[in-house]
Every structure is written in structure tokens, then in C-alpha cells.
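The residues making up each chain are set out below.
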Amino acid sequence: MASGRSGPPAVERTFFGHPRGLATLFGTEMWERFSYYGMRAILVLFLTAPVTRGGMGLPETTAVGIYGVYIASVYLLAIAGGWLGDRLLGARRTVLCGALVIMGGHVSMAMPMGGGFVWLGLVLIALGSGLLKPNMSALVGELYRHEDDARRDSGYTIFYMGINLGAFIGIMVVPWLQTGDRWHLAFGAAALGMAFGLAQYVRGRATLRGAGEEPDHRMTPDEERRFKVVASVALAAGAGALTLWALSGTLTVDRFALVLTVVTAAVPVAYFVFLFSSREVTAEERKGLFAYVWLFLAAAIFWLVYDQAGSALLLFAKNDTDLDVLGFTIPPGWVGNINSLVIILVAPLFAEMFLKAGTRISTPLKFAVGLVLVGVSFVVMSVASGIASGGVKVSVMWLLSVYLIQTVGELFLSPAGLSVTNKLAPRAFENQLMGLWFLSMALGDSVGGQAYRLTKVVPMPMYYLTLALAAIAAGLVMLLFVRRLRMLMAEHHVPPVPTPS
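Reading guide: rules and limits
- Residues numbered from 1 in each chain as written.
- Predicted model: local features only at pLDDT ≥ 70, side-chain atom pairs only at ≥ 80, totals over all residues.
- Heavy atoms only, no water.
- Salt bridge = Lys/Arg side-chain N within 4 Å of Asp/Glu carboxyl O.
- Helix = DSSP H or I, 4+ residues; strand = E, 2+ residues; numbered from the N terminus.
- Contact = heavy atoms within 4.5 Å.
- Axes fitted to C-alpha atoms, helices over the stretch in contact; angles between N-to-C directions.
- Parallel < 35°, antiparallel > 145°, perpendicular 65-115°, else oblique.
- Left-handed = near helix turned anticlockwise from the far one by under 90°.
- Nonpolar A, V, L, I, M, F, W, Y, C, P; charged D, E, K, R; others polar.
- Core = buried A, V, L, I, M, F, W, Y, C linked by side-chain atoms within 4.5 Å.
- Buried < 20%, exposed > 50% of the residue type's maximum accessible area, 1.4 Å probe, protein only.
- 1 Å grid on protein atoms, 1.4 Å probe; cavity = no way out; pocket = protein on both sides within 12 Å on 5 of 7 lines; lining within 4 Å.
- Points joined across faces, edges and corners; volume = space filled by probe spheres on them.

(A) Summary view of the pattern of salt bridges. Summed over all chains, the structure comprises six salt bridges. In this structure, arginine 53 engages aspartate 181 in a salt bridge whose closest nitrogen and oxygen atoms are separated by 3.0 Å. Here arginine 53 is found in the loop between helix H1 (21-48) and helix H2 (60-76), whereas its partner aspartate 181 is found in the loop between helix H6 (149-178) and helix H7 (183-203), with 128 residues between them in sequence. Arginine 87 is the salt-bridge partner of glutamate 280, the closest N and O atoms lying 3.6 Å from each other. Of this pair, glutamate 280 sits in the loop between helix H9 (253-277) and helix H10 (283-306) while arginine 87 sits in helix H3 (residues 78-89), placing them 193 residues apart in sequence.

Dropping the structure here:
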């Protein structure tokens, strides 16, 4: 007979003190980053490898241009992915579609059937990443809808550790499989990693507890019909214009990269104008957006320097660095893996530090520190490049030092950027603003690809030093405006952040 007395409440399972759904998103993002960074670690090398060795046989400057276009496209498409999650599919379904498309892209690259499959694979990976990235990060924020901001920051830092755990494993496995010119075997490993991530996501759906199941601001049936018509016309027009350009004989990688850079710069300008003029954005939300504009520009400068790891720094590792370590010649892609390893080891410490500090370390201050550190890393790179210009291969410790400094800067800026985007996003545009955060990466990468053209006319040490001084100057300017940005964020109903002592 029932006593009428209920037993003790069930203890909810957590993931390092966070909602259980964070484990699902952690694992999915880990495997997606395994595929992305593993492939990225060999992409420029594959493009520049002679055809006789199974590569594409492209010049270095052209390969770096393609790399810049690809990386920028990944993040440029994130704004569309965020919009689809907000208005049509919901974040959860959009992530699922993105994972499937990404896996198809890696499968295409794994097919040893010529350059057409390589270009198709890069397009599919960029499209799928644009769908997945903003919505995955937005889902993390959804887990903390009713939690305090400090716990959300810590959760994003743990999520960021998953990103780097996947990157570390991917960069270890894929370049190792590639040795001996086994390019397509390595690309196949990236496809397998994405398959694991997809399985993790499908199995863990229940742990998300409904987060992202439906669009926050679903379109009406009439709006949906108009969207499908406009999207179809736009895609057809874009494909037609690109075809005509190609048939004219004037389409080149460099020109396409320049056009993409202009588009990448124009899109955030247009989108910020749209947000500031939207009736769905309140007066308080506009104050937060004004602060976010400056954080966006700071992030773009940071990524301009940081994301040259897969292009300029990778080529420096291959051509100018002594890779013999303890009698073993390591793959060039392994050098940059110190970034992932350090984040795996110290991200929990940073998460704990930021959790204990709470609001005493403001987001603008974190951005300023990140910018200065990434600038200092390229000061070191300038010195290393100067030594290598004498015709000697430098110690691998130079690059390791560069990556170590950049990693500390990344831990200050990137998790804070994801978190502040979630905080300052107008309620009507949450997933879309997460896409806008990734657009800062697209802007930095596309401008970085154009900046690399300077290496044809200026020495490499001067190239690195110029970018270093630009980043350091931006960080110092950000430091001067910490108080003002903090006030704007407080007026957006983010808890006020006192000046650090």
C-alpha cells in the first residue's frame, strides 16, 4: 500500500557540475573539430604537393589564397546557419543537417578521383560548418537559460576544451596517416571522425531537454513560402554569375578571394545596420549591440593573426623549421598541436579562475589581453623569421613559443566572445548573432588571406612585425575603453562589472 509520502527527489546527473546536455554537445563538437582541424592541418600541404606525389601542384601563394577562401567561407556561412536555426529549422535540427553535410564533404575529399571531388568536398564542409557552428554554440547557451552568467562562462570554457581535445586528436592522427603521401586515407579519417560526432549527437538528444527543438522565432507560412522563392532565385543567380565569370576566362583564385573579402566585410556592416534599425530590438538591446560592434572588430583583428596557423605558420614549419625531435622527424602539422594540448591542460584552470573572479574580470578586459598576447606572439615570429632568412632552419621551440603565447590569448578572448554573444544577443536574433560572432573569424581570415600577398614585396620578418604591431595597438585601444564598454553592457542588463583592482 502506498504511504502517500514521496521519496527523496532524484539527483540530477551533471557534467562537471554543469547540465548533462553539455556532455552531448562537448562530444559532438569534439569529433567535428577532429575532422575540421585534422583536415586543415594537411590542406595547404596537399594543395602545394606535386601532382606526382598525389597533391594538387599549386603555388604557395595560390594555396594560401584557397585556404583563406575556405576558412572565411566556413564562418561567412554561419550567419545563414544561425538564421535558419532561429527562423526555420530550430537549432537542434540545423546542427543535425550540418553534421550530415560535413560528413559528406569529408567523404568527397577522401575519394581519390581528381580535383573536382576536392573542391566539392571543401564546399560541402563549408556549408555544413555554417549550419552547425552557430547553432551548436547557441545550444550551449540554451542549457543556461535560467543560470547565472558566471556559470555560463565556465560552461563555455569547458565546451571550448572539447573543441581543442578534438583538434588535438585530429591533428595527431590525420597528418600521421598522411605521411607517405596517403592524402585520401587521411581525409577518410576525418570523415570517420565526423560520423562518430553525428552518432554522439543523435544518441544524446534526450539530454538536451528540448533545447533548440523549435525555432525561437518561426516564420509564418507566408514568410516561409517567400523565403523559399527568394532563396531559390538567389542561389540560381549566384550560380549563373559564377558560371559566366568562369566562362569569361577571368575567374582566378586571387580574384575570387578578393571578392569574398569585400563581401565578408560588407555582410557584417549591413547586418549591424539591420539590427540597429529593427523594431524587434529594444532600446536596451541596442546599447549592448553598440558595445558588441567594438568587440566584433577586436575579434576580427585577433583571428587575422591567429588563424595564420594553418597557412603562413604551417609553411614556416615545413620550410624553415628543424622538425627532428629526439631522432624522429615530426609532421609539420604536429607543431601547431601545442595549442590544443595546452588548452586541454589549462582550460579547466581558466574556467575555475574566471568562475571565481566572476564579474571582476570584464569581457572587454579579456579581449584587450587576448589582442596584446596574439600581437606579442607575432613579434616572436618576426624574430624567428629573421633568423630563418639567413638560410638556416630554426629550432622548433620558436614556433612552440608562438603557439603557447597565442593559446593563452585565445583562452582570454574566444570563450568570452562566445559567452558575450549569447548575453548581448537581442532575443529576436539569438542564433543569428552567434553566426555574426563567427563572421568576425571570416572577416579576419579573408583579410589575412589578402594580407599574405604582401609577402611578395616585403620580407617575412616585416610582414609578421606589421601584423604584430596592429594587434598590440588594437589591444591597447580596447584597454582604454574597458570602462565605457562595461557600462554599455551593464545597461543591457548584464550585471555591472567593477574595474579590476
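(B) The environment of leucine 242, seen in detail. The residue leucine 242 is located in helix H8 (residues 221-247) in this model. Leucine 242 sits 14 residues away from phenylalanine 256 along the chain, and the two C-alpha atoms are 9.7 Å apart. In this view, leucine 242 contacts Leu251 and Phe256; residues no more than four positions away in its chain are not counted.

(C) Structural view of the packing of H10 against helix H14 (residues 363-388). In contact at an axis separation of 10 Å, H10 and H14 are set at 25 degrees when each is read in the N-to-C sense. Between H10 and H14, the angle is such that the two are roughly parallel. For the crossing formed where H10 meets H14, the hand is left-handed. Contacts between H10 and H14 involve Leu295, Ala298, Ala299, Ile301, Phe302, Val305 and Tyr306 from the first element and Thr363, Pro364, Phe367, Gly370, Leu371, Val374 and Phe378 from the second. The residue makeup of the contact of H10 with H14, split by class, is twelve nonpolar, two polar and no charged.

(D) Region of interest: the nonpolar core. One finds Leu25, Tyr70, Tyr292, Trp303, Phe367, Leu436 and Trp437 to be the most contacted residues of the largest nonpolar core, which totals 141 residues. Among the elements that line this core, the one with the most residues is H10, at 14 residues. Excluding its chain neighbours within four sequence positions, the residues that come into contact with phenylalanine 367 are Leu295, Ala298, Ala299, Leu413, Ala416, Gly417, Trp437 and Met478.

(E) Just empty space enclosed by the protein, in detail. Applying the stated criterion across every chain yields a total of six cavities of 30 Å³ or more. Estimates place the volume of the largest cavity at around 450 Å³. Taken together, 35 residues line the largest cavity, and the ones lying closest to its centre are Tyr37, Arg40, Tyr306, Asp307 and Asn339. A per-element tally of the lining of the largest cavity places helix H15 (residues 396-424) first, with six residues. A per-class count over the lining of the largest cavity returns 21 nonpolar, nine polar and five charged. Of the voids in this model, the second largest cavity is the one considered here, and its volume is about 160 Å³. In terms of lining, the second largest cavity is formed by 16 residues, of which the most central are Gly65, Asp254, Gly449, Gln450 and Arg453. Of all the elements in the fold, those that place two or more residues in the lining of the second largest cavity are H2, H9 and helix H16 (430-451). Split into classes, the residues belonging to the lining of the second largest cavity amount to five nonpolar, seven polar and four charged.

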